[in-house]
Amino acid sequence: MTRPGGRWENWGRSESVRPQRVEFPRTTEAVQRAVVAAATQGIPVKAVGAGHSFTGIAVAPGVLLDLSDLSGLVTADTERSRVTLRAGTRLHHIPALLAPYGLAMENLGDIDRQSISGAISTGTHGTGSRFGGIATQIVGATLVTASGELLVVSESENADLLPAVALGLGALGVLVEVTVQCVPAFVLHALEQPEALDAVLADLDARVAAADHFEFYWFPHTDRAMTKTNTRLPESAPRHPLAPVGKWIDDTLVGSGLHQVACSVARTIPATIPAINRVSVKLWGDREFTDASSRVFATSRSVRFREMEYALPVENVRPAFDALRALVDEKGWRISFPVEVRFAAADDRWLSTAHGRASGYIAVHRYWREDPTEYFDAVEQIMLGFGGRPHWGKMHTLDAAALRERYPRFDDFVALRDRLDPERLFQNPYLERVLGG
Ligand SMILES: Cc1cc2nc3c(=O)[nH]c(=O)nc-3n(C[C@H](O)[C@H](O)[C@H](O)COP(=O)(O)OP(=O)(O)OC[C@H]3O[C@@H](n4cnc5c(N)ncnc54)[C@H](O)[C@@H]3O)c2cc1C
């Protein structure tokens, strides 16, 4: 978000910048004018979504294009269950836009505050071994390239570019419209419960295969996990949503308020963390409800944190998790945030963390007022040893040379970037690091 005085900072407070100027284009033509003006002046330009990336991927030292006003539905194709959205549309606005057509997004991540373009550009994903990340739901896009021209990509136009443009790190141009392949609206049955971690690990593969959407959180310094198993049901299925008061107690009071207090106490007195985590796992889980898919997928996260997440070949999740657990025991750190483990299907997006391989994700978090460096660096070394690819929007230390080895289509992406943005109008320090200059 941009603060009074013109300073922009991200949600995790890990990145900030004072852009030379901030613009709020409302139309495609206004985006084109802004890009041409920046190019003429020799100033870099960057579209920014909700600022929810923990890395510097959205940092815009030159012209910051805030696309909040480029929002809403452009067209709906009910025959093919597709909608075209303006690029700045926030995920939490999409369910109401889809409702009149009886549609829903196929899968979502943990929260819905991001913009659709920001989410796809970093490879944002949820969980479910038969489902890809949000970028796999994109079947068309229109972007403004560095020349100010429009590039339309779809299954019938420039189709070969879709796997790059749908997950483009903001490096190929400014997306102005995206077309989403939706599914008929559906309901999710959610089962969230605390369990013994060893029991969860013992039949992890079976649980992941059996469930539509399975994930678990491990609370360090405990032998407990909180599992979440969501089952897809037709829209006509009876709903048993969480009562508003119960939901408020779980999500706001326990999930956020008490957790905020716990993190503050834990920061001052780290020795209390194991006890706090034991209480957290008891309070946090244990609920069952059925509701519209978007209301079940998305939760709220109001306690600020920093995060690193690595995607692994799915068969490496168990050994990597075991190594992480041993590391936390061995180091004697006090970690107040849970470790999250999720799953996704292989996909074809060139820079997707799940490109060409069924994947599991291990994410580590730290309260934003704590220095995550030692913990994240050590975890990163483990993940790299198991073939990990870092989430583009979450903290990591890899550069282009290290990433090239991990992505078979890396050079194709760089070549496309050379073609669409030869002068590096959309460059920023993070992109220079991860893609090269
Ligand atoms: C609390 C929290 C929960 C999260 N949960 C998840 C999760 O469950 N799963 C997951 O995978 N990730 C998760 N993330 C990470 C988050 O989804 C990604 O970092 C996502 O990119 C943020 O979207 P945004 O709109 O904030 O994009 P920003 O961070 O603002 O931008 C990200 C990138 O998108 C580019 N971009 C934005 N708009 C455009 C455009 N119109 N054209 C071209 N490029 C554009 C930017 O230039 C930048 O490169 C979470 C982050 C937070 C803070």
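Residues numbered from 1 in each chain as written. Predicted model: local features only at pLDDT ≥ 70, side-chain atom pairs only at ≥ 80, totals over all residues. Heavy atoms only, no water.

A. Molecular detail of the packing of aromatic side chains. Here the structure, examined in full by the defined rule, presents 10 aromatic pairs. Between W11 and F54, the ring centres sit 6.2 Å apart and the planes meet at 90°, which makes this aromatic pair edge-to-face. Placement of W11 in the loop between β1 (8–9) and β2 (16–17) and of F54 in the loop between β4 (45–48) and β5 (63–66) is noted, with a sequence separation of 43 residues between them. A relative accessible area of 16% places W11 in the buried class. Judged by centre distance (5.1 Å) and plane angle (70°), the ring pair of W11 and F305 falls under edge-to-face. (Phe/Tyr/Trp six-rings, centres within 6.5 Å; stacked < 30°, edge-to-face > 60°. Helix = DSSP H or I, 4+ residues; strand = E, 2+ residues; numbered from the N terminus. Buried < 20%, exposed > 50% of the residue type's maximum accessible area, 1.4 Å probe, protein only.)

B. Summary view of the sheet that holds strand β7 (residues 82–86). If you trace the 5 strands from one edge of the open sheet to the other, you get β6-β7-β11-β9-β10, paired in antiparallel fashion. Among the strands making up the open sheet, the edge pair consists of β6 (73–77) and β10 (150–154). Direction aside, neighbouring strands of the sheet carry axes that sit 10° apart on average. Strand direction decides the pairing type here: strand β9 (residues 138–144) and β10, joined by 5 bridges, are antiparallel. Bridge pairing in β10 places A141 opposite V153. Against the sheet, helix α1 (residues 28–41) touches β9, β10 and β11 (174–181), its axis set at about 140° to β11. (Pairing = 2+ DSSP bridges. Axes fitted to C-alpha atoms, helices over the stretch in contact; angles between N-to-C directions. Contact = heavy atoms within 4.5 Å.)

C. Representation of empty space enclosed by the protein. Summed over all chains, the structure comprises 4 cavities of 30 Å³ or more. A volume near 120 Å³ is recorded for the second largest cavity. Contributing to the lining of the second largest cavity are 15 residues, with D110, T127, E215, N230 and F297 lying nearest its centre. Sorting the residues of the lining of the second largest cavity by element identifies β13 (186–196), β14 (213–218), β15 (224–234) and α9 (293–297) as the ones contributing at least two each. Considered class by class, the residues forming the lining of the second largest cavity number 4 nonpolar, 6 polar and 5 charged. (1 Å grid on protein atoms, 1.4 Å probe; cavity = no way out; pocket = protein on both sides within 12 Å on 5 of 7 lines; lining within 4 Å. Points joined across faces, edges and corners; volume = space filled by probe spheres on them. Nonpolar A, V, L, I, M, F, W, Y, C, P; charged D, E, K, R; others polar.)

D. Spotlight on the site of the ligand. Neighbouring residues of the ligand: 37 residues in total, closest A47, H52, S53, D110 and T122. Within the side chain of R342, one N or O atom sits 2.8 Å away from an oxygen atom of the ligand. Looking at the shell around the ligand, the elements with two or more residues in it are β4, α3 (116–121) and β11. With 4 residues, the top contributor of residues to the shell around the ligand is α3. (Near = heavy atom within 4 Å. Polar contact = N/O pair within 3.5 Å; in protein donor to acceptor, adjacent residues only side chain to side chain.)

E. Expanded view of the nonpolar core. In terms of nonpolar packing, the biggest core is built from 107 residues, with F216, I362, Y375 and W392 touching the most fellow members. A per-element tally of this core places helix α11 (residues 373–385) first, with 7 residues. The residues touching W392, leaving out its near neighbours within four places in the chain, are T55, I57, T122, L167, L169, L351, L403, Y407, Y430 and V434. Membership of the second largest hydrophobic core comes to 7 residues, among which are V48, V59, A60 and L64. (Core = buried A, V, L, I, M, F, W, Y, C linked by side-chain atoms within 4.5 Å.)

F. Looking closely at the packing of helix α10 (residues 317–331) against α11. Where α10 meets α11, the closest approach of the two axes is 10 Å, and the angle between their N-to-C directions is 150°. Between α10 and α11, the crossing angle belongs to the class labelled roughly antiparallel. When you trace α10 past α11, the crossing you get is right-handed. Where α10 abuts α11, its residues A320, A323, L324, L327 and V328 lie against Y375, A378, V379, I382 and M383. Grouping the constituent residues of the contact of α10 with α11 by class yields 10 nonpolar, no polar and no charged. (Parallel < 35°, antiparallel > 145°, perpendicular 65-115°, else oblique. Left-handed = near helix turned anticlockwise from the far one by under 90°.)

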